[in-house]
Amino acid sequence: MFLDELQSPVDAPHSDVHFSCFDSRQIELAAGLLRSGKVIAFPTETVYGLGADISQSQAIEKIFAIKRRPSNHPLITHFADITDLEYWASEIPTAAWLLAEHFWPGPLTLILHKSDRIPYSVTGGQDTVGLRIPQHPIAQALLRALGSRQAIAAPSANRFGHLSPTSAIHVREEFKNQIGMILDGGSCEVGLESTIVSCIGKTVMLLRPGGISVDAIENLLRQKILNNSLSHSVRVSGSLPAHYAPDTPLEICPTGNELWARASWFQQQGMRTAIVTHSSPPGTHKEHFDFILMPDDPVTYGKILYATLRKLDQLGYDQFLIEAPPNRLDWLAVTDRLQRASYHYLNKT
Ligand code: TXA
Ligand code: MG
């Protein structure tokens, strides 16, 4: 069966959650809540963030509590204006300036030495900070309304280890009424989290693939960058193995016959299985299995991945079976998220 209701898992803004976000009064209201030490959710072009004013220590603590995230896992600091980079970071190497000037505002987070203005509560006690200028107009408006040289610490607005939210509805599903305000910007344009690049010392290192491709970074810098995204030595919660996971067990399976043989095996065990492919299934399989056909380009696939898994999660399947993405650099971010979503279950069996 073709799960066609999932073909457009992109949500429009929902009136019961959001305020009209291009309404400057609502932006002012949100900025006021941040100033008074409240936590709010807001859209970025990657995923929704759970934001607190970095100068409000209680609000920062609240983020960790709401997310149930260990307090030594650093948060990304979002700010509005590249001219303030030296205000938030120190010892900024040339490569970092190049990346910032080229990709900001946008889905790139740079790890740099922090300045004294960044509290240790935000960096999980580390001397480095993750910095990002988001592109989303609501995120930009919110930062500007908060004031000059102010910043918002924001992890993805999901419970620790769970799928990141790409719509306001997802945020509400994650936290119910625990947060005062959710600014609704509809579906996120990128749909996967920012690319994280460490620029500490002389090395440029990829810590998490994401919205900006490795190719684009290497072309700009005219050098290969180290890929540490699958190493767990750096304290990046996004690099912990069991992450970005749906509630339903998820397995990645090689494309072709192996995929359908595995699907048959699950079916024989009496397990309701949803199959997520990006190449069209052979005709006979179309009738026998529940499947969803994803886009076969990594950008569109990445944009709807989390929303698709969330919707599938609600349909009560026992198992998700995902056709392995192509083994290509442009699929790196999608592959990374799928691997982390499956890791938990791989290691349980
Ligand atoms: O797209 C994104 O990056 C979204 C939006 C809201 O900006 N944010 C996001 O935040 O994905 P979070 O907390 O879910 O993931 C950020 C990752 C975490 O894995 C954190 O450990 C890492 O960035 N990080 C932050 N500061 C770091 C630092 N100083 N050193 C190494 N990793 C850092
Ligand atoms: Mg996250």
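Residues numbered from 1 in each chain as written. Chains lettered and ligands numbered in written order. Predicted model: local features only at pLDDT ≥ 70, side-chain atom pairs only at ≥ 80, totals over all residues. Heavy atoms only, no water.

J.: Got a minute to help me understand the layout of surface pockets in this structure?
T.: Where empty space is left in the structure can be found by rolling a water-sized probe over the atoms. In this structure, the second largest pocket encloses a volume near 340 Å³. Lining the second largest pocket are 20 residues, with G210, G211, P298, V299 and A333 sitting closest to its centre. The dominant element in the lining of the second largest pocket, judged by the number of residues it contributes, is helix α11 (residues 298-313), at 5 residues. Split by residue class, the lining of the second largest pocket holds 12 nonpolar, 5 polar and 3 charged. (1 Å grid on protein atoms, 1.4 Å probe; cavity = no way out; pocket = protein on both sides within 12 Å on 5 of 7 lines; lining within 4 Å. Points joined across faces, edges and corners; volume = space filled by probe spheres on them. Helix = DSSP H or I, 4+ residues; strand = E, 2+ residues; numbered from the N terminus. Nonpolar A, V, L, I, M, F, W, Y, C, P; charged D, E, K, R; others polar.)

J.: Even after reading the chapter, I still don't get helix α7 (residues 168-175), so can you show me in this structure?
T.: In an α-helix, one turn spans 3.6 residues; hence positions three or four apart end up facing the same way. Counting buried positions along α7 gives 6 out of 8 residues, so the element sits mostly inside the fold. Along α7, the positions that sit buried rather than exposed are A168, I169, H170, V171, E174 and F175. The secondary structure elements touched by the buried residues of α7 are β1 (40-42), β2 (49-53), α2 (57-67), β8 (181-182) and α11. Positive backbone phi, approximately 50°, marks K176, located one or two places after α7. (Buried < 20%, exposed > 50% of the residue type's maximum accessible area, 1.4 Å probe, protein only. Contact = heavy atoms within 4.5 Å.)

J.: Can you walk me through helix α6 (residues 137-146) in this structure?
T.: In terms of burial, α6 is a largely internal element, 7 of the 10 residues being buried. Three or more residues of α6 are buried, namely I138, A139, Q140, L142, L143, A145 and L146. Along its buried surface, α6 packs onto α1 (24-35), β1, β2, β3 (76-78) and β7 (152-153). G147, located one to two residues past α6, shows a positive phi value of around 125°.

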